[in-house]
Amino acid sequence: MFCPGLPLARKRLRAVETRVQSHAEVKFQDIRLYLVEKKMGSSRRNFLTHLARSKGFCVEDVLSNEVTHVVSEDHQASALWAWLKGRGLKDPLKTQVLDISWFTDSMGAGKPVAVESRHLILDTLPILQDSTPTPVTVSQYACQRRTTLENHNKIFTDAFEVLAENYEFNEIAGQCLAFRRAASVLKSLPWVVERLRAVQDMPWLGDHTQGVIKEILQCGRAFEVEKILSDERYQTLKLFTSVFGVGPKTAEKWYRRGLRSFTDVLAEPSIHLNRMQQSGFLHHGDISMAVSKAEAQALGNIIEEVARAITPAGRLTLTGGFSRGKEFGHDVDFILTTPELGMEEPLLLAVIDRLKQQGILLFCDYHASSFDMGKLPCHRFEAMDHFAKGFLILRLEGSQVEGQELQRAEGDNRGWRAVRVDLVSPPMDRYAFAVLGWTGSRQFERDLRKFARVERKMLLDNHMLYDKTKKQFLEANDEKDIFAHLGLEYTEPWQRNA
Ligand code: UTP
Ligand code: MN
C-alpha cells in the first residue's frame, strides 16, 4: 500500500487500482498528488509519476477525496474545474489545483514547495456562474447587525485584521478602516462564507477584500497576508506596540533607527522611556498575557470592596470586552461612580489611593476630569473622553482568583501577576452614555456614532446625545433609553462584538 492512513477496505480496493509504492518511499506524508492526464498525455504522465515517486512524493493514480494537490498542464481553468467537479470531488475547495510549474519547482527542490499565486489554477465558476442568492440583507452599520462572539469566518477576519494593522502601521487610515469594516461584516454572519457569490452584494466588501476572500477560499490562505506576516518591519512594529505606552509612531521611530528588539531599545542610550513605557517594559510578560474572566472578576471584587469602604453608595460596573461575554481580554475596564454628583472624581482618587496603600498599585496614569457640560455638544469625535480616569497596572494575587490558576508564563511561580485596568468615573447623570461608550466594540461604537450623525442628525459620544434638529440634549438613565432615542432596536452587549 503506498499511502498510509486509509481505511482498510479502501486500502484493499486501492491496491488493485494502483501501482505499489512502498510506505518507506513516501517522504511527504501530508500530501497526495494527482496528475491530470488531459493535455499532458499518458506517457508524460507516467514519466512524471515515476519521477515524483522516486523523490518520495505520494502520487495517486485515481482522483479521490484523499488527493490534496491536483496538478495539470491544462490551462483552461473553467474546463478543468468542470471536469474535476464532474469526477465527484466532494470538496474541491480543500484540494489545491495547481499548474505544472508547482510540480516542476517541487521536483527541482526535492520537496513540495510552498504554493504561490502563480501556481494556482483558479476556479472562475463560483464567481461567474454560481447563482446562490445572497440570503440576507446586511446593514452597513454595525449597530444594526447582531454580532456574537461566535465568529464563523475567522479565517477571513484574521487575515483582514493583519491587513488592517499593516495599513495602520503605514498610516493609510482609509484602507485600514476598510478592512476593519469588512471584518466586522463577516463576523456578523451566522454562517460560513463558502463561495464568493455569497458576499458579493454585502456592504464594505470591495474588490480588494473580495480578492483576499477568493484566495483564501481557493488555497486556504492569502499571499498578501503571508507576506506581511513574514515582513521584518511588520513584525518589529507589532513587537514594539505590544508594550504598554508604545504607539505606532514611537514604534516606527525606533524601527527607523535600526532597533529590532527590546534589548536594542533598552540598550540605546539616547532613548528616553516615559513612565508608562518603563512600566510597560517592566511588566511586559504579564501584560501581554491575556486576562481571564475569573481574573477580571477577582479585580472587580477587590476594587468594589475598596470603593464600598469609602462610600456605601459607590458603584462599580464591569464594561469593555468582558461585558460583551469575552472569556479573555487585554485589560479590564470598569466604570466607577456614585449617585452624588460631583463626588465621582474624589471617589476615584480615594480608591486609587487605597490601592496604593494596599501595595497593589504598580502603575497609575491619572487623567483629571475635564468634563464640562457647558462645552457640549462637541462636534468632532475625540478618542479620549473627558471623565476622570486612571490607566492602571494592578498586582493580582493567585489566592484572590476563585477556582482557577492565574494566567502566567510556563515556569513562572511568583504567585501573582500584573494586570492592566482602566477605571473611569463619569458623573451619575452621564453614566448611561459612559457605559454605552466603554462597552464597545470599537467598530460598534464607531457605527453607532455614524448612524446617529448621518441617519438621525444627532451627535453621540461617551458624554451625551444631542439632537441637532431640535437643538436639545436627550437624557438617558440606561443604554435602552439611548437606543430608543436613536430609533434603534436594543442590542444586548453580547451582540455588540462587531
Ligand atoms: P478596550 O480597548 O479595552 O477594548 O476598550 P475591549 O473591547 O475591552 O477589548 P480587550 O479585550 O480589552 O482587548 C473598550 C471600549 O472602551 C472604549 C473603546 O472605544 C472600546 O469600545 N474606550 C476606550 C473609550 O471610549 N475611551 C477610551 O479612552 C478608551
Ligand atoms: Mn478592555
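Everything numeric in this text was worked out from a predicted model, so none of it was measured.

## A word on the overall build of the protein
Within the protein, the secondary structure is distributed over 20 helices and 14 strands. For the protein, the C-alpha atoms occupy an extent of roughly 90 × 55 × 50 Å along the three principal directions. Considering only contacts in the protein between residues 6 or more positions apart, those separated by 24 or more positions represent 68%. In the form shown here, the protein has an accessible surface area of approximately 24200 Å², with 51% of it arising from carbon and sulfur atoms. With 66 positive and 65 negative side-chain charges, the protein shows a separation of 4 Å between the mean positions of the two kinds.

## Quick notes on helix α19 (residues 442-456)
With 15 residues, α19 should cover 21 Å at 1.5 Å per step; its first-to-last C-alpha distance of 20 Å lies within 8% of that length. Residues of α19 that are buried include every one of Gln 443, Phe 444, Glu 445, Asp 447, Leu 448, Arg 449, Lys 450, Phe 451 and Ala 452, and no others. Structurally, α19 contributes buried residues whose contacts are with α7 (173-188), α18 (431-439), β12 (458-460) and α20 (479-485). Positive phi appears at Lys 457, one or two residues downstream of α19, with a value of about 50°.

## Considerations on the coordination of the manganese ion (ligand 2)
Here the manganese ion (ligand 2) is held by the protein donor atoms Asp 331 (OD) and Asp 333 (OD), which lie 2.0 to 2.1 Å from it. Side by side, Asp 331 and Asp 333 carry an identical accessibility label, which is buried.

## Section: the environment of Arg 275
Positionally, Arg 275 belongs in helix α13 (residues 275-282). Once the C-alpha coordinates of Arg 275 and Asp 365 are considered, the two residues, 90 residues apart in sequence, prove to be 8.8 Å apart. Those residues within four positions of Arg 275 in sequence are excluded, and the remaining contacts are Phe 363, Cys 364 and Asp 365. At 2.8 Å, the side chain of Arg 275 and the backbone oxygen of Cys 364 are in polar contact.

## Observations regarding the nonpolar core
In this structure, Phe 160, Leu 186, Leu 205, Ile 213 and Trp 254 are the most contacted members of the largest nonpolar core, which totals 42 residues. Elements that contribute at least two residues to this core include exactly α6 (154-169), α7, α8 (207-219), α9 (223-229), α10 (232-241), α11 (248-256) and α12 (262-267). A total of eight residues in this core trace back to one element, the largest contributor, which is α6. Residue contacts for Ile 213: discarding those within four places in its chain leaves Phe 156, Phe 160, Leu 186, Val 193, Leu 196, Val 199 and Leu 205. One finds Ala 388, Leu 392, Leu 394 and Leu 396 within the second-largest nonpolar core, a separate group that totals 31 residues.

## Digging into the pairing of strand β4 (residues 96-99)
Of the two faces of β4, the one holding Gln 96 and Leu 98 and the one holding Val 97 and Asp 99 are both buried throughout. In this sheet, β4 lies alongside strand β3 (residues 69-72) in parallel orientation, the contact comprising four bridges. The partner of Val 71 across the bridge, within β4, is Leu 98.

## Some words on the pattern of salt bridges
Counted under the stated rule, the structure contains 32 salt bridges. The partner of Asp 74 in a salt bridge is Lys 39, and the shortest N-O contact between them spans 3.8 Å. With Asp 74 in the loop between β3 and α3 (77-86) and Lys 39 in the loop between β1 (32-35) and α2 (42-54), this residue pair connects regions lying 35 residues apart in the sequence. One salt bridge connects Arg 146 with Glu 489, and the closest N-O pair in it is separated by 3.2 Å. In this pair, Arg 146 sits in the loop between α5 (125-128) and α6 while Glu 489 sits in the segment after α20, placing the two residues 343 residues apart along the sequence. Given the relative accessible area of 30%, Arg 146 is considered partly exposed. Sharing partners across several salt bridges, the network here consists of Lys 38, Lys 39 and Asp 74.

The rules we used
- Along each chain, numbering runs from 1 in the same order as the chain's sequence is written.
- Just so you know, chain letters begin at A and ligand numbers begin at 1, following the order they were written in.
- Restriction of local features to residues with pLDDT of at least 70 applies here, the model being predicted, together with a cutoff of 80 or more for giving and counting side-chain atom pairs; totals for whole chains, interfaces and linings are based on all residues.
- Side-chain calculation: all heavy atoms of the structure are included, whereas hydrogens and water are not.
- Only runs of H or I of at least four residues qualify as helices and only runs of E of at least two qualify as strands under DSSP, and these elements are numbered from the N terminus.
- Two residues qualify as a contact provided that any one of their heavy atoms is within 4.5 Å of a heavy atom in the partner residue.
- Surface exposure here means Shrake-Rupley accessible area, sampled with a 1.4 Å probe, where a residue is shielded only by the protein chains that are shown.
- His is not counted, nor are the chain ends, whereas Lys and Arg count as positive and Asp and Glu as negative.
- All charge positions are set by atom: Lys at NZ, Arg at CZ, Asp at CG, Glu at CD.
- Multiply 1.5 Å by the residue count of a helix minus one, and that product is the helix's expected span.
- Relative accessibility decides the category of a residue: with a 1.4 Å probe and only protein chains considered, values under 20% of the type maximum give buried, values over 50% give exposed, and everything between is partly exposed.
- Note on donors: an N, O or S atom is included if it sits within 2.8 Å of the metal, or within 3.2 Å for Na, K and Ca, and water is never included, so sites can look incomplete.
- Definition of a polar contact: a pair of N or O atoms within 3.5 Å, with one able to donate and the other able to accept a hydrogen when the atoms are protein atoms, and with sequence-neighbouring residues admitted only if both atoms are side-chain atoms.
- Residue types Ala, Val, Leu, Ile, Met, Phe, Trp, Tyr and Cys, when buried and joined through side-chain atoms within 4.5 Å, form a set referred to as a nonpolar core.
- Pairs of strands are assigned from DSSP output, requiring at least two bridges between the strands.
- What counts as a salt bridge is simple: a side-chain nitrogen of Lys or Arg found within 4 Å of a carboxyl oxygen of Asp or Glu.

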